Amino acid sequence: MATVTFIGAGSFGTALSTIVAAKGCRVNIFDIDQPHLKRMEEAMENTDYLKGVKLEGDYHFYTDNEAALKDADYVVFALPAQHFRSAISAAAPFIRDDALVMNIAKGIEQKTLKRMSEVAEEYFDMDRYVCISGPSHAEEVGIGVPTAVSVSSRKTETANALADLFTTNRFRIYINEDMLGMELAGSVKNVMAVGSGIIDGLGFGDNSRAAMMTRGIAEMTRLGLAMGARSETFAGLSGVGDMIVTCTSMHSRNFRCGRLIGQGMDPEEARKSIGMVVEGMFTAEAAYQLSKKFGVEMPITEAIYNVINGKLNVSDALEALMGRPRKSEI
Ligand SMILES: NC(=O)c1ccc[n+]([C@@H]2O[C@H](COP(=O)([O-])OP(=O)(O)OC[C@H]3O[C@@H](n4cnc5c(N)ncnc54)[C@H](O)[C@@H]3O)[C@@H](O)[C@H]2O)c1
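**Some remarks on the overall build of the protein**
On a plain count of helices and strands, the protein comes out with 16 helices and ten strands. In terms of overall size, the protein behaves like a compact globule, its C-alpha atoms giving a radius of gyration of 19 Å where 330 residues would be expected to give roughly 20 Å. For the protein, the proportion of its 330 residues judged to be buried stands at 55%. Of the roughly 14200 Å² of accessible surface on the protein, 50% is carried by carbon and sulfur atoms. Between the averaged position of the 34 positive side-chain charges in the protein and that of its 42 negative side-chain charges there is a distance of 3 Å.

**Observations regarding the site of the ligand**
In the vicinity of the ligand, 24 residues are found, and the nearest of them are F12, D31, A138, R253 and E279. One nitrogen or oxygen atom from the main chain of A9 is found 3.5 Å from an oxygen atom belonging to the ligand. Here S11 contributes a side-chain N or O atom positioned 2.9 Å from an oxygen atom of the ligand. Elements with a contribution of two residues or more to the shell around the ligand: α1 (11-22) and α4 (84-91). Counted by class, the shell around the ligand contains eleven nonpolar, eight polar and five charged residues.

**Some remarks on the domain arrangement of the protein**
Partitioning the protein into domains gives domain 1 (3-175) and domain 2 (181-322). Just the C-alpha atoms count here: the centres of domain 1 and domain 2 sit 25 Å apart. Residue-level contacts link 30 residues of domain 1 with 27 residues of domain 2. In this assembly, domain 1 packs against domain 2 so that about 2200 Å² is buried in total across both faces, 65% of it on carbon and sulfur atoms. The interface formed by domain 1 and domain 2 holds two salt bridges in total. Between R115 and E183 there is a salt bridge, with its nearest N and O atoms 2.7 Å apart.

**Brief notes about the pattern of salt bridges**
Applying the stated criterion across every chain, the model contains 23 salt bridges. We note a salt bridge from R230 to E232, for which the minimum N-O separation is 3.1 Å. Of the residues examined, R230 reaches a relative accessible area of 46% and is grouped as partly exposed. A relative accessible area of 48% means that E232 is categorised as partly exposed. If you follow the salt bridges from partner to partner, you end up with R85, E109, K114 and E122 in one network.

**Some points on the pairing of strand β2 (residues 26-30)**
The buried fraction of β2 amounts to four of the five residues, a majority that puts the element mostly inside the structure. Chirality of the crossover, the property in question, places the unit of strand β1 (residues 3-7), α1 and β2 among those that are right-handed. Here β2 pairs with strand β5 (residues 58-62) via five bridges, running parallel. Its bridge partner being in β5, R26 is matched across the sheet by D58.

**Thoughts on the packing of aromatic side chains**
Summed over the entire model, instances satisfying the criterion amount to three aromatic pairs. For the ring pair Y59 and F61, a centre distance of 6.2 Å and an interplane angle of 15° mean the geometry is stacked. Judged by its relative accessible area of 9%, Y59 is buried. Classification of F61 as buried rests on a relative accessible area of 13%. Between F77 and F84, the aromatic rings sit 5.4 Å apart at their centres with planes inclined by 80°, giving edge-to-face as the arrangement. F84 gets classed as buried once you look at its relative accessible area, which sits at 1%.

**Some points on the packing of helix α15 (residues 299-308) against helix α16 (residues 314-322)**
Axis separation between α15 and α16 bottoms out at 10 Å; the angle between their running directions is 165°. For the element pair α15 / α16, the angle class is roughly antiparallel. Handedness of the crossing formed by α15 with α16: right-handed. Across from P299, I300, A303 and V307 in α15, the residues of α16 making contact are V314, A317 and L321.

**Some remarks on a nonpolar patch on the surface**
A cluster of nonpolar residues, L202, F204, L318 and M322, forms a patch on the protein surface that exposes about 370 Å² of accessible area. Mapped onto the fold, L202 is located in the loop between α8 (179-201) and α9 (206-227).

Calculation rules
- Residues numbered from 1 in each chain as written.
- Predicted model: local features only at pLDDT ≥ 70, side-chain atom pairs only at ≥ 80, totals over all residues.
- Heavy atoms only, no water.
- Helix = DSSP H or I, 4+ residues; strand = E, 2+ residues; numbered from the N terminus.
- Rg over C-alpha atoms; globule rule 2.2 N^0.38 Å.
- Buried < 20%, exposed > 50% of the residue type's maximum accessible area, 1.4 Å probe, protein only.
- Areas by Shrake-Rupley, 256 points an atom, 1.4 Å probe, with all protein chains shown as cover.
- Lys, Arg positive; Asp, Glu negative; His and termini not counted.
- Charge placed at Lys NZ, Arg CZ, Asp CG, Glu CD.
- Near = heavy atom within 4 Å.
- Polar contact = N/O pair within 3.5 Å; in protein donor to acceptor, adjacent residues only side chain to side chain.
- Nonpolar A, V, L, I, M, F, W, Y, C, P; charged D, E, K, R; others polar.
- Domains from an automatic or database assignment.
- Contact = heavy atoms within 4.5 Å.
- Buried area = accessible area lost by both parts, 1.4 Å probe.
- Salt bridge = Lys/Arg side-chain N within 4 Å of Asp/Glu carboxyl O.
- Right-handed = clockwise from strand over helix to strand, strands pointing away.
- Pairing = 2+ DSSP bridges.
- Phe/Tyr/Trp six-rings, centres within 6.5 Å; stacked < 30°, edge-to-face > 60°.
- Axes fitted to C-alpha atoms, helices over the stretch in contact; angles between N-to-C directions.
- Parallel < 35°, antiparallel > 145°, perpendicular 65-115°, else oblique.
- Left-handed = near helix turned anticlockwise from the far one by under 90°.
- Patch = residues over 30% accessible without salt bridge, like charges linked within 9 Å, V, L, I, M, F, W, Y side chains within 5 Å.

Pasting the structure below:
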């Protein structure tokens, strides 16, 4: 059976690891946080990030990249977007030339405004690279809730190989050739999830949330089209699908963080109090910068970015959004 190495022992990587472990693969888990990894190995459960999911199968835990990677047929980068570059640069020298690589991170690198695949191509042959996105709370994947996601690769055989590896009767995988659209949708929806949480925290209802999600899809599609993505992707699993799951659920830390902000907590305090990486808080600035770079109007992203940075309070942001000049919906 294949050996699958996960770089990062967080919630989604752990959930995905249970799929391949159940198929009989050898699972290597690498993380820079040694105490966390030790707790995980002792409990055979990720008590820090995915409580209640027992790790059954051929699991091995590593704090050394080379040992974790030398026999890996597949490598899954399973960490937050802002940590991807340091992880990939440390791992790349030890990844076999024939290994296939998948990345789960949803975000845009803050300093460079690069998507994850643009960071990856500095280190690898992109014919071996796959991104995965779609509505997939780790908490649900980990307990086998039926889930559908998409994968994308420059090379169809690579996308199919990863899809074969992770497909089960509870985890369905579509192929989408539009990696750019998938990466943008997966990143910007985390910003919208913060906004949806703010709406919830303010005590507003379903109308407000539905309006924000729908107009959020409109603005991420505008950005995508300006950058060369396909509009269908934003209506698919990585777009509307992930938007629904992230903007309506307490499983989402972006949503929970926004909720605290809506209830009046200082944004930085809210981010810290979640205790885990809140991708949307970082992506807001990157998405705002991309909107400026490509000359695309993204009023909701801009409002959320300004709230996060303390430039606007939530009620002024709401006034600004609701008071925009009338325009055609389409
Ligand atoms: N949680 C989910 O349900 C879910 C679902 C789909 C996609 N995602 C995306 O997956 C990415 C990871 O999120 P998560 O929730 O699984 O992560 P997490 O926050 O639960 O855990 C991240 C892990 O990465 C480790 N890490 C950080 N830097 C590292 C490095 N340089 N080398 C090795 N390990 C390192 C941390 O120690 C931690 O164990 C995010 O971009 C997120 O948006 C998450």
